[in-house]
Every structure is written in C-alpha cells, then in structure tokens.
Amino acid sequence: ASKAVALKCGRVKEMESQEGIVVSTKPMWDFHGIDEEVIQKMIFDALVWSSLHGLVVGDRNSLRSGKVPGVGMVHAPFALLPMPFPESHWRQACDLAPIFNELVDRVSLDGRFLQDSLSRTKKVDVFTHRLLDIHSKMLEMNKKEEIRLGLHRSDYMLDEQTKLLLQIELNTISSSFAGLTSLVSELHRSLLKYYGGKLELDSKRVPGNSARFKFAEALAKAWMEYNNPRAVILVVVQSDEHNMYDQHWLCALLREIHGIATIRKTLAEIDTEGELLPDGTLLVGGQAIAVIYFRAGYAPTDYPSESEWRARLFMEESSSIKCPSISYHLAGTKKIQQELAKPNLLERFLDNKEDIAKVRKCFTGLWSLDDLDIVRKAIEKPELFVMKPQREGGGNNIYGDDVRENLLRLQKDKTEEDAAYILMQRIFPTVSPTFLMRDGICHKDHAISELGIYGAYLRNKDKVLMNDQCGYLMRSKVSSSNEGGVAAGFAVLDSIYLT
Ligand code: ADP
Ligand code: MG
Ligand code: MG
C-alpha cells in the first residue's frame, strides 16, 4: 500500500490505497514536492479570494444561514490546485454537450417512450409514479411546449484502465454549481498567475469557465421568447438551502446584465400564492411568470404534502417556460439513461451517425435488473457495479456488499421492486493527491474526480435558438468515499489543468 503523510496544514492522516483503487504512480505533483511555505501562502490567499469573490455557501453551523442571505457564510469547499485532466478528453466531453442537448429534446417529445420505459418502475416507485401522472395528464390534454429550455449537466469519469471518458449520468433538473464553479476556475487561474512559477504550472492551462454567464444568458433568452416585458423568472427553491449563493449568482447576473427580475418561492408558497389564468398565464403573488427555473422538486422530500404536488401540476399546465418541463425531467432519469444504452435506441432519436457514435462511446455498462445474467455477475462481484434508484441529489446509490445483499433480497422477495433500480458498471478513475479546503482547513488526501459539462438548449417551435456547451464543473472527492457530494461533505469544487 502506498503511503503519504499529510501536510502540517491539515488533519494528519496516513493514506493507504483502497482495495480495487490504484493510487496513481505519476501524479503531476505530490505532497512532498511543494514547498510548505508556498502552500501556506496559497491557502491564505485562496481563502481571502473566495470570500471577496462570492465563492461561498451557507454555513450549516449558523442557524439562519439556510434561510436568509448575508448571514452565516463560509467559503465553498474547493481544491487548492486544479486537477490534471487530458485535453483530448476535455474536448471530447465538451463536444458531447450539444448532442446530449438535442437528444434530451428528441426523447422528451416521445411521450409513449417515456411512459413505456418507466412503466414497471412506476408500479414500485411512488415518486416516479407521481411524476408520470403529471406527464400523463399533459399527454391527455395534448399540452404542447413550444418554447423549450434545458439547462443540463452531463457528468463523466475518466476510467483509469481503459482511458475512456464514461458518462455517469445526465442531469436535466436543477443542475447545480453553474454559479460557483466558474469562480473556482478564476481562483485557480489567479493563484497560478502568482505562484505558478514556483510550481512550474501555467495559469493558461486552466480553461476559462463561463458557466454562470451562459446559464444566465439562456434563462434571459427564454424570457425574451416568452415576450412579456412585465413577466419575471420564478426560481423554485427549497425552504432551507445552503447552496443559495450558487443560485443567487444566476439571479444577480440576470438582473445586472439582462435587466430581468427573479423571484424565489418554495413549492408550498407557489401553491398558496399561485394562480392559473384561463389563458394559461401563471401568476405568483400577482406577477406573471415567464420562466420557471427549478432548483427544487427533484427529490421526494421536496413534496412533503399534496400542496407541493398541486403546485407542480398547475405550473406544468401553465404557459410559462419550464426548466425543466416534466418531459425533460423524466428524460433525465436513470432508467431512461439505461434504456438509451440499449442497441438501436439512439438511432430512434438522433439522425447523425457520427453523433450517435460519439454518444455511444461514452456509455458504460447499464442494465435493467430483469437481466438475470448481469444480476448473477453483480452478486458474484458487487464491487464492479453500482445499483441506482430513480433519485437525484446524491447519496442514494448502493455500492459494494450492499449491492449483493440487496440483489439477493430482491430475488428472495419475488416482488417487482427490482424495477426501482438499474445496475451500472462501476468506473474507477485515477486517484490523485489533492489539497481539499473545507471550513478554512486544508486536508491532504487522495481524490478521484468527476467532470460535468453544462449544456443549454433553447428552442421555439422549429427554431433552435441556443444549443451550446456552457462550461464545466470539476468535483474531486476523497477516493475512499463511494459517493458524497460537495454539500454532503466529501467532495470539493475543483477546476482542470489541461495536460
Ligand atoms: P445523482 O443523480 O444522485 O447525482 P449519480 O448517478 O451522479 O446520482 O451518482 C452519484 C455519485 O455516485 C456520482 O457523483 C459518483 O461519485 C458516484 N457514481 C455514480 N455512478 C458511478 C459509477 N458507475 N462508477 C463510479 N462511481 C459512480
Ligand atoms: Mg443527478
Ligand atoms: Mg450526479
């Protein structure tokens, strides 16, 4: 097992390489290669920079921090130095964004495909059932979404052994961190401009990241298409949100650059304050809503009562532009991801052969649990698989021995509960030494990274108004944790250093 002793700056800790995880032998830098004094200076400067530039989240230790802005802020967790990433794979990921944008749009138009693919899941998963019910109602009403806005993020890991860029998932609802991530790239560039000489690193190798500007621009363009100068953009939020500054960044840019007002409401507030006019106009607190931007509504906990479901339904019935519509939301489920990986499915939705080949190349093994051969393999070697329910927001997947236990239980029970899950081949990315900053403290650990590429798609009837790659999100997490998002406390926001 390889060992690395932590810097003085953090929790002192010895790293052993995990079973099945290879600690990279040739990192771009190692913990011992950098002068301790330089590290301490960089830590100080980075913490100051993040405070001055709004790279912040609500501090969970402060009671009011999740409810109101301006109190209890702490820097967002970030990596002190950018993560090395091959330029060719970076370009490959960027190249895929407009193709996935188009794919989501095409899939969303096939209501039968969405309903059929999720029909077994519907029987055992109440949350998916409720979403499908809304979708069914829209099909019955023959509801047409002529203006469609997608703000997606496709996430990838680079498999160490095969050197393949493989998709983890595609997020079509509440794709987070577009606001904060572009700041991390700026932070890293700023640090490298000053310290790069000492570290033999060039700040220009950190690609620019315009995620927050591009997402604000997409929302603004959608607002323009709605064509009511008095209407506002509604941001649907959770009542207790610690990642609010990420959202406020987009709202601030909408106001400052585009002159567009936003309002923030929870689903419960929308239920009480909302009104649907006979012509389809949605009013909230008397204000017409041009665009509904969901930063809540993706998890069962967002719907504690019927009130929230009522709000979701009448928003869908309205003429406001939904980001996402119920069809876009469903197109981003893990079940649909797995269906699309089946032979000849992509061909149904995409016309261009080269595009199809590019998308297929980033698909890894994805299976339904009615594939008995795979279930048997997964019981034998559970460490090579991830078991995923139809959930978003992190912390829901099943790993390792729990995969075996759950599969055996499902076999024994002989219910249809297996339809709630998909199986996915586990990806093992390169493990790299990383300086993880959290709560003002630098932890040195080995980390693996996940690269997300943002995409924005806007169309009005036959006119595609925007189909762009919109910057990136790099997240690095301690390699010994299966999962764990930035908010959950295992991962940090990162950027990339092109190699
Ligand atoms: P969510 O929608 O909850 O974010 P994901 O599919 O992104 O669900 O899974 C959450 C996390 O689990 C990912 O960020 C990644 O760290 C890990 N993960 C998911 N799928 C795989 C996989 N196939 N191989 C390795 N890690 C995975
Ligand atoms: Mg997701
Ligand atoms: Mg994810």
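Up top is the structure.
What counts, and at which threshold
Residues numbered from 1 in each chain as written. Chains lettered and ligands numbered in written order. Predicted model: local features only at pLDDT ≥ 70, side-chain atom pairs only at ≥ 80, totals over all residues. Heavy atoms only, no water. Patch = residues over 30% accessible without salt bridge, like charges linked within 9 Å, V, L, I, M, F, W, Y side chains within 5 Å. Areas by Shrake-Rupley, 256 points an atom, 1.4 Å probe, with all protein chains shown as cover. Salt bridge = Lys/Arg side-chain N within 4 Å of Asp/Glu carboxyl O. Helix = DSSP H or I, 4+ residues; strand = E, 2+ residues; numbered from the N terminus. Core = buried A, V, L, I, M, F, W, Y, C linked by side-chain atoms within 4.5 Å. Buried < 20%, exposed > 50% of the residue type's maximum accessible area, 1.4 Å probe, protein only. Contact = heavy atoms within 4.5 Å. Donors = N, O, S within 2.8 Å, 3.2 Å for Na, K, Ca; no water. Near = heavy atom within 4 Å. Polar contact = N/O pair within 3.5 Å; in protein donor to acceptor, adjacent residues only side chain to side chain. Nonpolar A, V, L, I, M, F, W, Y, C, P; charged D, E, K, R; others polar. Phe/Tyr/Trp six-rings, centres within 6.5 Å; stacked < 30°, edge-to-face > 60°. Arc of directions from axis to C-beta. Axes fitted to C-alpha atoms, helices over the stretch in contact; angles between N-to-C directions. Parallel < 35°, antiparallel > 145°, perpendicular 65-115°, else oblique. Pairing = 2+ DSSP bridges. Disulfide = S-S within 2.5 Å.

S.K.: What exactly am I supposed to notice about a nonpolar patch on the surface here?
M.R.: Judged by side-chain polarity, Phe44, Val48 and Leu52 come together as a nonpolar surface patch covering roughly 340 Å² of accessible area. Among the structural elements, Leu52 can be located in helix H1 (residues 36–52).

S.K.: Explanation requested: the nonpolar core in the structure shown.
M.R.: One recurring pattern in soluble globular proteins is that nonpolar side chains are buried together. Membership of the largest hydrophobic core comes to 134 residues, with the highest contact counts inside it found for Leu55, Leu80, Leu149 and Met315. Among the elements that take part in this core, helix H2 (residues 87–108) stands out by supplying 10 residues, more than any other. Setting aside its immediate chain neighbours within four residues, Leu80 contacts Ile39, Met42, Ile43, Ala46, His188, Leu191, Phe435 and Met437. Within the second largest apolar cluster, 15 residues are counted, among which are Ile374, Leu410, Tyr421 and Leu423.

S.K.: Can you walk me through the coordination of the magnesium ion (ligand 2) in this structure?
M.R.: Ideal geometry at a metal centre gives angles of 109.5 degrees when four donors are arranged tetrahedrally and 90 or 180 degrees when six donors are arranged octahedrally. The magnesium ion (ligand 2) binds to the protein through Glu169 (OE), Glu169 (OE), Asn171 (OD1) and Glu392 (OE), with metal-donor distances spanning 1.9 to 2.3 Å. Mapped onto the sequence, the donors of the magnesium ion (ligand 2) take the spacing E-x1-N-x220-E. Between the magnesium ion (ligand 2) and the magnesium ion (ligand 3), a separation of 3.6 Å is found, and both are coordinated by Glu169. One end of the pair, Asn171, is in strand E6 (residues 165–171); the other, Glu392, is in the loop between strand E14 (385–389) and strand E15 (398–399), with 221 residues separating them in the sequence. Accessibility assignment for this pair places Asn171 and Glu392 in one class, buried.

S.K.: Help me out: how do you make sense of the site of ligand 1 in this one?
M.R.: In the vicinity of ligand 1 there are 19 residues, among which Lys334, Lys388, Gly394, Tyr399 and Glu450 approach most closely. Within the backbone of Gly394, one N or O atom sits 2.7 Å away from an oxygen atom of ligand 1. Asn397 is positioned such that a nitrogen or oxygen atom in its side chain is 2.9 Å from an oxygen atom of ligand 1. In isolation ligand 1 offers 540 Å² of accessible surface; the protein chains occlude 93% of this area. Those elements that provide at least two residues to the shell around ligand 1 are E6, E14 and strand E16 (421–425). When grouped by side-chain class, the residues that make up the shell around ligand 1 number six nonpolar, four polar and nine charged.

S.K.: I would appreciate a short explanation of the packing of aromatic side chains in the present structure.
M.R.: The way to describe two aromatic rings as a pair is by their centre distance and the angle between their planes. Throughout the structure, instances matching the rule amount to eight aromatic pairs. Consider the rings of Phe127 and Trp309, whose centres lie 5.9 Å apart with planes at 50°: the pair is tilted. Note that Phe127 is positioned in helix H5 (residues 126–140) and Trp309 in helix H10 (residues 306–317), a separation of 182 residues in sequence. We note that Phe127, like Trp309, is buried.

S.K.: What exactly am I supposed to notice about the pattern of salt bridges here?
M.R.: Pairing between side chains of opposite charge can happen when the charged atoms of each approach one another. Considering all chains together, one arrives at 38 salt bridges under this definition. A salt bridge links Lys334 to Glu169; the nearest nitrogen and oxygen atoms lie 3.2 Å apart. Remark: Glu169 occurs in strand E6 and Lys334 occurs in helix H12 (residues 334–340); sequence separation between them is 165 residues. On the accessibility criterion, Glu169 (12% relative accessible area) is buried.

S.K.: How do you make sense of helix H15 (residues 372–380) when you look at a structure like this?
M.R.: Residues that lie three or four places apart on an α-helix share one face, since the helix turns once every 3.6 residues. Those residues of H15 lying buried are Ile374, Val375, Ala378 and Ile379. Considered in projection along H15, the buried side chains sweep an arc of 140° and stay on one side of the axis. Buried residues in H15 make contact with strand E13 (366–368), E14, helix H16 (401–413) and E16.

S.K.: Explain the packing of helix H6 (residues 178–199) against helix H7 (residues 211–226) to me, please; I cannot follow it from the model alone.
M.R.: Between two packed helices, what matters for the description is the angle formed by their axes and the separation of those axes. Where H6 meets H7, the closest approach of the two axes is 7 Å, and the angle between their N-to-C directions is 150°. Classed by the angle they form, the pair H6 and H7 counts as roughly antiparallel. In contact with Ala178, Gly179, Thr181, Ser182, Leu183 and Glu186 of H6, H7 contributes Ala211, Arg212 and Phe215.

S.K.: Would you mind showing me how to read the pairing of strand E11 (residues 287–294) here?
M.R.: Looking along a regular strand, one sees the side chains alternate between the two faces of the sheet. For E11, the buried fraction is high: seven of the eight residues fall into the buried class. Summarising the sheet, strand E7 (residues 232–236) and E11 pair through five bridges and their orientation is parallel. The residue of E11 that forms the bridge with Ile233 is Val291. Note: strand E10 (residues 282–284) against E11, two bridges, orientation antiparallel. Paired with Leu283 across the strands is Ala288, a residue of E11. Joining the antiparallel neighbours E10 and E11 is a turn of two residues, in which Gly285 adopts a positive phi near 55°. Note that E11 and strand E12 (residues 321–323) share three bridges and pair parallel. Bridging from a neighbouring strand, Tyr293 pairs with Cys323 of E12.

S.K.: Help me understand the sheet that holds E15 in this model?
M.R.: An order of E13-E16-E14-E15 is seen for the four strands of this open sheet, with the pairing classed as antiparallel. For this open sheet the edge positions go to E13 and E15, each flanked by a neighbour on one side alone. Pairing of E14 with E16, which is carried by five bridges, proceeds in the antiparallel orientation. Bridge pairing in E16 places Phe385 opposite Gln425.

S.K.: Explain the environment of Leu151 here, please?
M.R.: Here Leu151 shows up in strand E5 (residues 147–158). Linking Leu151 and Ser175, residues 24 residues apart in sequence, is a C-alpha distance of 6.9 Å. Setting aside residues up to four positions removed in sequence, Leu151 forms contacts with Asn171, Thr172, Ser175, Phe215, Ala218, Leu219, Tyr293, Cys323, Gly455 and Ala456.

S.K.: When you look at the environment of Asp116 in this model, what are you seeing that I'm missing?
M.R.: By secondary structure assignment, the location of Asp116 is in helix H3 (residues 111–117). With a relative accessible area of 48%, Asp116 lands in the partly exposed category. When the C-alpha positions of Asp116 and Met83 are compared, they lie 41 Å apart, and in sequence the two are 33 residues distant.

S.K.: Would you mind going over the side chain of Thr128 with me for this structure?
M.R.: Relative to the helices and strands, Thr128 resides in helix H5. Once you skip the residues sitting within four places of it in the chain, Thr128 turns out to touch Leu118, Thr121, Gln390 and Arg391.

S.K.: Looking at this structure, I do not really get the state of the cysteines. What am I missing?
M.R.: Two cysteines form a disulfide when their sulfur atoms are joined by a covalent bond. Taken as a whole and assessed by the stated rule, the structure comprises zero disulfides. The thiol sulfur of Cys94 is not disulfide-bonded, and the nearest other cysteine sulfur, from Cys470, lies at 10 Å. You can call Cys94 buried: its relative accessible area is 11%.

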